[in-house]
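# Coordinate analysis (summary)
Now for the letters of each chain:
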Amino acid sequence: MNRQRALKGLLTGTVLCTSAAIISPARAQDAAQSPPDTSAAPPTIAPAPVEAAPAEPREIIVTGSRIPQPNLQTASPVTTVSSQEVKLSGTTRTEDLINALPQVFSDQGSNISNGSTGTATVNLRGLGAKRTMVLVNGKRLVGGDPRQATPDINIIPIQLVKRVDVLTGGASAVYGADAVAGVVNFIMDDSFTGFRIDGQASVFNHHQHMGDDLVQANDLAGYRFPHGMSTNGGAQDIAGVFGAAFDDGRGHVQAYATYRSQDPVLESTRDFSFCALGSFAPQYIAQYGEFYCGGSSTTDTGTFNQFTPTGQLVNQYFVQGNQFVEGTTLFNYAPYNYFQRPDERYTFGAFADYQISPAFRPYLEVMFMHDRTDALIAPSGDFGNTTFINCDNPLMSAQQRQILCGDPSLTLVQNGVLGAKVSIGRRNVEGGGRDDDYNHTDYRIVGGMKGDIAKGITYDLSYDYSKALFDHAHYNDFSLARLTRSLDAVSVLNGAIVAPGTPGATIQCRSVFDGSDPNCVPYNVFETGGVTQAALNYVQVPGFEEGYVAQTIAEGDITLTGADYGLQTPWADSGIGVNIGVDYVKNSLSYSPDIEFQTGDLTGNGATTPPIKGHTDVRELYGEIQIPVVQHNFIDLLQINAGYRLSNYHIADSSFNTSTYKIEGEFAPIPDVRLRGSYNRAVRAPQVAELFAPTAIGLVGNADPCEGPAPTASQQACAATGITAAQYGHIPANPAKQYTGFLGGNPALQPEKADTWTAGLVVQPRFVPGLALTLDYYNIKVKSLIGILGFATVMNSCLSNGLFCDLIHRDQFGTLWLTPQGFITLTNLNVGGLQTKGFDLQGSYNRRLGGIGTLNVSFVGTLLKHLITNPFGDITYDCVGLYGPTCSPNTPPTPPNPKWRHKLRLGLTMPNGIGASVQWRHFSSVTLDSLSNDPDLNGGAGPNGNQGDERLAARNSFDLAFTARMAQKLNLRLGVNNIFDKDPPVNGLALGNGNTWPQMYDALGRYMFAGFTVDF
């Protein structure tokens, strides 16, 4: 806490000193502007917003076109989030602002711990973050992690966001082929003059009130789940912004600094996430309820799976005292996991521009971020990494030795040592949870020159360099090599190995006796409390990895406004607009793991991860034309836009060309009604991470039909997955329902193609002033999709059709989880396609209510009609309205797909500067995908009846915010989101985090915030 106060003091001092240095020369001629009236919030999401004219003419950034527009209207549908909405929502995390939009599916963010990259990314339309282009002031943002290379929006200071434009369609030809689903453009407020401090404190509050099913599940397991009130997850944010004009207003400079500190929240603090839930089969629901408290067979007591020398499961035991007890226990890993990661973040930056002459106006944007966060999950240990126990191990009791080695038919000789084939699942509860310490340091510099070459002709030359540095420290894991040596203990007397229990003998590692590792300390898992600190110091090793993603863009374009040269139709007020440009884009990636990662020596990771380095570069020529055919004539508007981009890619030793193009149209017979439509073709080359991302082990899937004493798949079908007749029915079941996938890049990938169609209607009736309504249809189809097949797809295809069986690698025990040798290969491929269709409905209404004040209403909703996946061949399935192992896999945690979602805000601003607003957020219900009639989703078995996860009910959340403007200098805000503390829907399929999807639903309870903005 003292460190945080010191950092805040340093930040404030830096802001004040720098402000004085910059503002002093211009203080005589520049009066400080009044702060924005955040209480008088206009519609937060407007279909056709028009900005008020500033004191001096400044460029209007229009998302979706490089040709100047008279307002922010475009032929492609755009959802705009204003800075006022940022204040009213109380969010200081950029991902929360974006994820609240119905068009956005949650992705990486602060509420993901298991599977986290430490970044925050945007997934528009559910097509994946890599198909969403993120812009800052119309310029591309770099990827933030070498394992994904998708833009990390943590670098964006939310306090400086002027508005956010979310555009569907029509973007690839303008900005680049990555904009398959569209673009999210953060427009920054870079013209502020004066000095401003913005601060906010926030916290989560939850009353434990879980349903009877969850109470019964915890009671059956003997758990005492949290009761009463839980208040935690506090965050403190402070930002300083200062700006000044100079040289009689010809130039402007603005700088900012922000600091954020966020406290962690553990899953143990919420009643619905305290235990890792499982779902009862239909026949048990009436007796036990929907859920049970499950867990992992890698436990604190140890799970000892005894096998025959040929790999058949004989029995399972756990330790009690120094005895084996037949059976298994489950380890509740949930309480150890972070529900919200701790985070500390700094951002600094500056914006500057200067007009030398109308033809020469240099500009500069500099942004910096350092972010540190921890992703804490359950303890590591021996996850079946060792499969042999020596029979002369003195750490075993006589009873344990008799069970494992008393029957000669169950023993074998390995490297000259008599032993038993036993896999151990034993948690490192003595050492604590696995702690992934992520550090991201991002730089972004954009410099350029723009101006007017001649009347109606402008140019823009820019150079953009961005780099995201990444380092990751992995703590509290075991070295497999050391663990293997420490479990191989022997009794030594007078320089010789003697029988266990020999009087006077000492216990030491065999590697100490033979001199191969004199530092080894025996690790005693055969006795409760037998693990010593010395043993932990030996077997625990950290792992380190670092890398970067860098992007270089050199670009130049020229724009012609044809009216100045008579290039316009007789029926139009403005002329034909043309924009032509060229760019060069280079993306590079480097990843350097230490020897622990390279050799796969970490037991909790297990992946053999080599260092990776690669780059791609592209040279592009693009153009755009805008033809106003009719304006304010016999019809109000008829306009056509078209664009084309030719790209020449260089990837490794190959080179190829792609073409991206668009055509758009707008038609308004009268000013009140406007029709719009667009078609966009994108050809997306594989990004640098998809090509060169490091291969790694990850958790995938939640069901293996061939495991357990009574497999649901036949012996013949399971044989195709690599199971022998002797193993069938003897493969240990995974109680945690988490299996192993081998994930990573593929340098042989080919480009994917996408077609986007949009059609919309805009209604702004003059007889109802202040009302605006839009309805837009979108249809996006991606072919030659770059992605992974998915655990369920591979497994079901192999069982049903014998396809992809070569991707399934079972270990010696027939499992896909017990040892690192069991996994499914799920590296990137060009396979199948993806399509989404739906409707967006938006509306806004403003009305003055006499002396009461101004009423503001805004609404945005999305109806998802189809979300179709074509994994391969003629196989297709539609995930609209569904969730489950196929439609929402955990790679990373993919949210459910509700058919309808919306947000509605109603606000009132009174003349005295006090404002209040209420917001309603809604997600419709979703159904478990394996209960679908589609055989590609139910595995060919058909819907298998009712079960606890059959349906996740709809969720409604309500938010309340108050604002006050005082003396034109101080703005206060106070609010509560999810005021009724509505619990999120939970599942027992090990999907998401904490039995739910905290990036999508309000998982932590009420969010309470209080903030201020003061101008000097």
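This structure is a prediction, so every number in the text was calculated from the model and none was measured.

### Regarding the overall build of the protein
Summing up its helical and strand segments, the protein has 15 helices and 53 strands in all. Taking 1016 residues into account, the globule formula puts the C-alpha radius of gyration at 31 Å, and the protein, at 31 Å, falls close to it. Considering only C-alpha atoms, the protein reaches an extent of 100 × 60 × 60 Å along its principal axes. Residues counted as buried form 59% of the 1016 residues belonging to the protein. Within the protein, residue pairs in contact and separated by at least 24 positions form 75% of the contacts whose partners lie at least 6 positions apart. For the protein, the distance from the average position of its 68 positive side-chain charges to the average position of its 90 negative side-chain charges is 5 Å.

### Here's the deal with the sheet that holds strand β27 (residues 496–498)
Within the open sheet, the three strands sit side by side as β27-β26-β28. Their pairing is antiparallel. Looking at strand neighbours, the two that pair on one side only are β27 and β28 (506–509), the edges of this open sheet. Recorded for the sheet is a direction-independent mean angle of 55 degrees between the axes of neighbouring strands. Pairing geometry for strand β26 (residues 489–493) and β27, over three bridges, is antiparallel. Bridging across to β27, Leu493 finds its partner in Ala496.

### Quick look at the side chain of Ser296
Locating Ser296 in the fold gives a position in the loop between β13 (291–293) and β14 (303–307). By relative accessible area, which is 7% here, Ser296 ends up buried. Among the polar contacts listed, one links the side chain of Ser296 to the backbone nitrogen of Thr298, at a separation of 3.0 Å. Separated by 3.2 Å, the side chains of Ser296 and Arg427 make a polar contact. In this structure, Ser296 is in contact with Thr329, Leu330, Phe331, Tyr333, Arg427, Pro735 and Ala736, ignoring residues within four places of it in sequence.

### Details of the pairing of strand β18 (residues 343–354)
By the bridge criterion, twelve bridges tie strand β10 (residues 251–262) to β18 in an arrangement that is antiparallel. By the bridge assignment, His252 is partnered in β18 with Asp353. The sheet contact formed by β18 and strand β19 (residues 361–379) spans eleven bridges and is antiparallel. In the strand pairing of β19, Asp343 is matched with Thr373. The antiparallel pairing of β18 with β19 creates a hairpin that spans six residues between the two strands.

### Details of the packing of aromatic side chains
Aromatic rings in a pair are described by how distant their centres are and how their planes are angled relative to each other. As enumerated under the stated definition, the model contains 33 aromatic pairs in all. Note on Tyr317 and Phe324: the rings are 5.5 Å apart at their centroids and 20 degrees apart in plane angle, and the pair reads as stacked. When sorted by exposure, Tyr317 lands in the same class as Phe324, which is buried. Centre to centre, the rings of Tyr777 and Phe839 are 5.3 Å apart; their planes meet at 50 degrees, and the pair counts as tilted. Taken together, the residues Tyr777 in strand β38 (residues 771–783) and Phe839 in strand β43 (residues 833–848) connect sequence positions 62 residues apart. For the cation-ring pair, Lys450 lies above Tyr363, with the distance from its terminal atom to the ring centre recorded as 4.8 Å. Above the plane of the ring of Phe105 lies Arg901, whose end atom (NZ or CZ) is 4.5 Å from the centre.

### What to know about a nonpolar patch on the surface
Taken together, Ile453, Ile558, Ile580, Val582, Leu621, Tyr644, Leu646 and Tyr661 make up a surface patch of nonpolar side chains, about 680 Å² in accessible area. Contributions of two or more residues to the nonpolar patch are made by β30 (577–593) and β32 (637–651). For Ile580, a relative accessible area of 44% corresponds to the partly exposed category.

### Here's the deal with unusual backbone geometry
Positive phi outside glycine occurs at Asn137, with the angle close to 55 degrees. Looking at the element boundaries, Asn137 is found in the loop between β4 (132–136) and β5 (139–140). In this structure, Asp247 is a non-glycine residue whose phi angle is positive, near 55 degrees. With respect to the helices and strands, the residue Asp247 is situated in the loop between β9 (229–246) and β10.

### With respect to empty space enclosed by the protein
Evaluation of the coordinates by the stated rule reveals 16 cavities of 30 Å³ or more. The space that makes up the second largest cavity amounts to roughly 630 Å³. Of all the secondary structure elements, the ones that give two or more residues to the lining of the second largest cavity are α2 (83–89), α3 (94–99), β8 (194–207), β9, β10, β47 (900–909) and β48 (914–923). Among the elements that take part in the lining of the second largest cavity, β48 stands out by supplying four residues, more than any other.

### A look at the sheet that holds strand β46 (residues 882–883)
The mixed open sheet is built from three strands, whose spatial order is β46-β49-β50. Unpaired on one side and paired on the other, β46 and β50 (951–952) mark the two borders of the sheet. Bridging between β46 and strand β49 (residues 926–928) involves two bridges; their strand directions are parallel. Counted as the bridge partner of Leu882 is Thr927 from β49.

### Things to note about helix α5 (residues 212–221)
All buried positions along α5 are accounted for by Leu214, Ala217 and Asn218. Along the axis of α5, the buried residues cluster in a sector spanning 90 degrees; they form a single face. Buried residues along α5 sit against β12 (277–279) and β13. Trailing α5 by a residue or two, Gly222 shows a phi angle of about 80 degrees, which is positive.

### Describing the nonpolar core
One finds Ile153, Ile156, Val164, Phe186 and Met188 to be the most contacted residues of the largest nonpolar core, which totals 38 residues. Every element with two or more residues in this core is listed here: α3, β4, β6 (161–167), β7 (182–188), β19 and β38. Contacts of Ile156, omitting those with residues within four sequence positions, involve Thr94, Val136, Leu141, Val161, Phe186, Met188 and Met367.

### Re the pairing of strand β29 (residues 540–561)
Sheet analysis places strand β25 (residues 457–478) next to β29, joined by 20 bridges and oriented antiparallel. Bridge assignment links Leu469 to a residue of β29, and that residue is Tyr548. The pairing of β29 with β30 spans 17 bridges and is antiparallel. Residue Asp557 lies in a different strand from β30, and its bridge partner there is Gly581.

### A word on the state of the cysteines
Inspection of the entire model under this criterion finds six disulfides. Sulfur-sulfur distance for the disulfide between Cys509 and Cys520 comes to 2.2 Å. Its S-S torsion of about -70 degrees marks the bond between Cys509 and Cys520 as left-handed, since a negative value means left-handed. Of this pair, Cys509 sits in strand β28 while Cys520 sits in the loop between α9 (510–513) and α10 (533–539), and the two are eleven residues apart along the sequence. Of the two residues, Cys509 and Cys520, both sit in the buried class. A sulfur-sulfur distance of 2.1 Å marks the disulfide that ties Cys706 to Cys718. As the torsion about the S-S bond is roughly -95 degrees, the Cys706-Cys718 disulfide counts as left-handed. With Cys706 in the loop between β35 (696–700) and α13 (715–719) and Cys718 in helix α13, this pair connects stretches of sequence that are twelve residues apart.

About the criteria used
Residues numbered from 1 in each chain as written. Predicted model: local features only at pLDDT ≥ 70, side-chain atom pairs only at ≥ 80, totals over all residues. Heavy atoms only, no water. Helix = DSSP H or I, 4+ residues; strand = E, 2+ residues; numbered from the N terminus. Rg over C-alpha atoms; globule rule 2.2 N^0.38 Å. Buried < 20%, exposed > 50% of the residue type's maximum accessible area, 1.4 Å probe, protein only. Contact = heavy atoms within 4.5 Å. Lys, Arg positive; Asp, Glu negative; His and termini not counted. Charge placed at Lys NZ, Arg CZ, Asp CG, Glu CD. Pairing = 2+ DSSP bridges. Axes fitted to C-alpha atoms, helices over the stretch in contact; angles between N-to-C directions. Polar contact = N/O pair within 3.5 Å; in protein donor to acceptor, adjacent residues only side chain to side chain. Phe/Tyr/Trp six-rings, centres within 6.5 Å; stacked < 30°, edge-to-face > 60°. Lys NZ or Arg CZ within 6 Å of the ring centre and 35° of its normal. Patch = residues over 30% accessible without salt bridge, like charges linked within 9 Å, V, L, I, M, F, W, Y side chains within 5 Å. Areas by Shrake-Rupley, 256 points an atom, 1.4 Å probe, with all protein chains shown as cover. Salt bridge = Lys/Arg side-chain N within 4 Å of Asp/Glu carboxyl O. 1 Å grid on protein atoms, 1.4 Å probe; cavity = no way out; pocket = protein on both sides within 12 Å on 5 of 7 lines; lining within 4 Å. Points joined across faces, edges and corners; volume = space filled by probe spheres on them. Arc of directions from axis to C-beta. Core = buried A, V, L, I, M, F, W, Y, C linked by side-chain atoms within 4.5 Å. Disulfide = S-S within 2.5 Å.

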